[in-house]
Amino acid sequence: MNGEPIRKIVIVGGGTAGWMAAAATSRIMGAFPGLTIELVESEAIGTVGVGEATIPQIISFNMMLGIDEAEFVRETRATYKLGIEFVDWLRIGHSYVHPFGSYGIDMLGIDFHHFWLRGQRAGLDMPLDEFSISAMAGKAGRFIHPRKDQPNSPLARMAYAFQFDAGRYARFLRNRAEAQGVIRTEGRITEVLQDGETGFVTGVRLEDGKIVEGDLFLDCSGFRSLLLGQTLGVGFTDWSKWLPCDRAIAVPCSLAGDNEPLTRSTAQPAGWQWRIPLQHRIGNGHVYSSAHMEDAEAEDILHAGLDGTPLAEPNRIRFTAGHRDRIWEKNVIALGLSGGFLEPLESTAIHLVQSGIARLMILFPSRAFNPKEIERFNRDTFADYLDIRDFLVLHYKATERDDSEFWRYCRNLPPPDGLADKLEMFRSSGRIIREHNELFTEASWLAVMVGQGVEPSGYHPAAALLDEDETRRRLSHIRQTVAHAVSQMPTQDEYLAGIGGA
Ligand code: FAD
């Protein structure tokens, strides 16, 4: 079904989502004759002001934009991120890393972790973290770029992302987008104009009376969901039963000593606290359930957990876990918080913006707005949300903690069906099932299942073909190879200094 081409894209909102969309669409489509991209934002309203930890997929987003990584790291005051350290999640005093990249090396064509499980069953005390180069480098405060050209080196199995200053990131993208032709209009939108017959959005009216018209509207207005939620009245699928945290309080603090290239998540009595070290400060926040904790207590906990001096007044944020019933409705597509939000436990929100943009590029509409393409977009986006939800719920469900009402609620909640299947399969055979091209890899599921104390009673039968001594010998060798590779790496601070950062 072909229609008239889209001639004008209007992006409503200039937070991370808006400027990511502006930078990407102008990079990919900016050279198309007759296509205009305009972004409207209001400095008076401002942005949510958080969102600093990412996952490795951001590397391909940056590459698509043609970003020079060293410049990006300098400009956004970024540090490298090799994974997330989860502290006190299984039980108080316990910690593990969910690293990026994979563990060990596959043997006999079978996933490495089955041999590790065999070793565990044979009584070998070798923590899983010690087979991940990213986990061990992260804990040691070291970093080097992965070496995909050395397939036999553990460095080939490393992966990384960034932790950056969200405000600087948006400015960085804005400069690129404007250089690529995006028009920026400052002003508060006071009215959204719709076609009387179809209900399609035709334009937005600003406080000063100016009207910005368009064919396709990207709603990047944050939690307000100005176009999709408020104007088109699209409802919200509420997942707070699964993910009861509904508040966050964030505060940056000064740096304290060297920083490891890891985000840290420390479980608290009614939620958890993030710690995201950047070059110039540490981002901190406490995510909690208001049904289980008062705001004042949450703030006290946050402040008690800071490593440095607070640098700003706390930023208080309310949210509900879930997503809009339709992310694309008529000629409006939500990107970012206007489409939904799942707590930042696995740093997935910026990635959802990225995957929304990629999906939009594949299904880019004409003015006929083919309903099949819209349906496809919505279905695939919901699948992303669902995968992430189940992965997040795993962290809360598989815990030994029962020291507060919150933890008792989480551990007693029956898991969603997809997660229940995964847990059952892993418990019985050590196998990790992924239904489709899910965001989280086998290694990620393994990290969190093992980290959260889920114990399989079996492993791949073929792993038993290696006898116990040979299994021990090979596991010890891999562990030593990882430790040696880490000892040869520069510290993150040395690495950053080498590219003009820190
Ligand atoms: P916003 O930043 O809120 O931007 C909204 C924009 O819309 C602003 O420019 C505003 O001015 C504009 N606007 C709104 N109304 C109007 C109007 N009437 N007229 C004109 N303009 C208007 N993501 C991660 O990937 N990693 C993380 O570690 C992470 N941590 C997070 C922690 C918390 C507590 C929260 C809440 C989110 C976190 N996120 C994280 C998510 C991340 O912050 C967001 O995905 C990202 O910043 C995108 O936000 P946004 O651009 O959708 O919204």
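Every chain begins its residue count from 1, and numbering advances along the sequence as written. Totals for whole chains, interfaces and linings use all residues, but because this is a predicted model, local features are given only for residues with pLDDT of at least 70 and pairs of side-chain atoms are given and counted only at 80 or more. In computing side-chain values, all of the structure's heavy atoms are included and hydrogens and water are not.

> It is not clear to me how the site of the ligand should be interpreted in this structure. Could you clarify?
Residues are counted as near a molecule or strand when any one of their heavy atoms sits within 4 Å of it. By nearness alone, 34 residues border the ligand, and Gly14, Val50, Ala53, Ile189 and Ile350 come closest of all. Whenever a nitrogen or oxygen atom comes within 3.5 Å of another N or O atom, the pair is scored as a polar contact, on the condition that within protein one atom can donate a hydrogen and the other can accept it, and that pairs from neighbouring residues in sequence are kept only if both atoms are in side chains. Within the contact set of the ligand, an oxygen atom lies 3.0 Å away from a backbone nitrogen or oxygen of Ser42. Separating a nitrogen atom of the ligand from a backbone N or O atom of Ala53 is a distance of 2.7 Å. Here, Shrake-Rupley sampling with a 1.4 Å probe gives the accessible areas, and only protein chains in the shown set may cover a residue. Isolated, the ligand exposes 1,000 Å² of accessible area, and the fraction of that covered by the protein chains is 97%. Working definition: helices are DSSP H or I runs of at least four residues, strands are E runs of at least two. Numbering for both runs from the N terminus. Every element with two or more residues in the shell around the ligand is listed here: helix H1 (16-29) and helix H9 (349-362). Residue classes in the shell around the ligand are distributed as 17 nonpolar, 13 polar and 4 charged. Here the term charged refers only to Asp, Glu, Lys and Arg, the term nonpolar to Ala, Val, Leu, Ile, Met, Phe, Trp, Tyr, Cys and Pro, and the term polar to all other amino acids, Gly among them.

> Looking at this structure, how should I read unusual backbone geometry?
Glycine aside, a negative phi is what most residues show, and trans is what most peptide bonds show. A positive phi angle, close to 50°, is found at Leu108, a residue other than glycine. Along the chain, Leu108 falls in the loop between strand S5 (95-99) and helix H4 (112-121). Note on classification: 1.4 Å probe, protein chains only; a residue is buried when its accessible area is under 20% of the maximum for its type, exposed when over 50%, partly exposed between these limits. By relative accessible area, which is 53% here, Leu108 ends up exposed. Despite not being glycine, Phe369 shows a phi value in the positive range, around 45°. As for its placement among the helices and strands, Phe369 is situated in the loop between H9 and helix H10 (371-397).

> Is there a simple way to explain the environment of Pro56 in this structure?
You can see Pro56 is positioned in the loop between strand S2 (36-41) and helix H2 (58-64). We classify Pro56 as partly exposed; its relative accessible area is 25%. Residues Pro56 and His98, 42 residues apart in the sequence, show an inter-C-alpha distance of 13 Å. By definition in these notes, contact holds between two residues if any of their heavy atoms fall within 4.5 Å. Contacts of Pro56, omitting those with residues within four sequence positions, involve Phe100, Ala159, Tyr160 and Ala161.

> What is the right way to read the pattern of salt bridges from this model?
Side chains that differ in sign of charge can pair as their charged atoms come close. The term salt bridge refers to a side-chain nitrogen of Lys or Arg lying within 4 Å of a carboxyl oxygen of Asp or Glu. Evaluated as defined, the whole model comprises 33 salt bridges. As a salt-bridge pair, Arg147 and Asp149 come within 2.7 Å of each other at their nearest N and O atoms. Notably, a salt bridge pairs Asp307 with Arg275, separated by 2.7 Å at the nearest N-O pair. Taken together, the residues Asp307 in the loop between helix H8 (295-304) and strand S17 (315-318) and Arg275 in strand S15 (residues 271-277) connect sequence positions 32 residues apart. For Asp307, a relative accessible area of 39% translates into the label partly exposed. In this structure Arg275 comes out as buried when scored by relative accessible area, which is 8%.

> In this structure, what is going on with the sheet that holds strand S1 (residues 8-12)? I would like to understand it.
Strands belonging to one sheet form pairs held by backbone hydrogen bonds; the direction of such a pair is parallel or antiparallel. Two strands pair under a simple rule: DSSP has to find at least two bridges between them. Taken together, the 6 strands give an open sheet; going across it, the order is S7-S2-S1-S11-S20-S19, and neighbouring strands pair in mixed fashion. Each edge of the sheet is formed by a strand with only one pairing partner; in this case those strands are strand S7 (183-186) and strand S19 (328-329). In the sheet, strand S11 (residues 216-219) pairs with strand S20 (residues 332-334) via 3 bridges, with the strands oriented parallel. Directly across from Asp219, in S20, lies its bridge partner Ala334. For helices, the fitted axis covers only the stretch in contact; all axes are lines through C-alpha atoms, and the angles between them, taken along N-to-C directions, range from 0 to 180 degrees. On the sheet, H1 packs against S1, S2, S7 and S11 and is oriented at approximately 170° with respect to S2.

> How should the sheet that holds strand S13 (residues 247-253) be read in this particular structure?
Taken in spatial order, the 7 strands of this open sheet run S5-S4-S14-S15-S16-S13-S17, and their pairing is mixed. Looking at the sheet topology across the chains shown, the edges are occupied by S5 and S17. Averaged over all pairs of adjacent strands, the angle between their axes in this sheet comes to 20°, without regard to strand direction. As paired strands, strand S14 (residues 263-268) and S15 are joined by 5 bridges and run antiparallel to one another. Its bridge partner lying in S15, Ala267 is registered against Trp272.

> Quick question: what am I supposed to make of the side chain of Arg247 here?
With respect to the helices, strands and loops of the structure, Arg247 is situated in strand S13. For Arg247, a relative accessible area of 15% puts it in the buried group. Residues within four places of Arg247 in sequence aside, it is in contact with His286, Val287, Tyr288, Ser290, Asp295, Ile317, Arg318 and Phe319.

> Looking at this structure, how should I read a negative patch on the surface?
Together, Glu294, Asp295, Glu297 and Asp300 make up a negatively charged patch on the protein surface. Residue position: Asp295 is located in helix H8. Exposure remark for Asp295: the relative accessible area of 36% places this residue in the partly exposed category. For patches, a residue must show more than 30% relative accessible area and have no salt bridge; joins then use 9 Å for like charges and 5 Å for nonpolar side chains, namely Val, Leu, Ile, Met, Phe, Trp and Tyr. Positive charges come from Lys and Arg alone, negative charges from Asp and Glu alone, with His and the N- and C-terminal ends not counted. Just so you know, the charge point we use is NZ for Lys, CZ for Arg, CG for Asp and CD for Glu.

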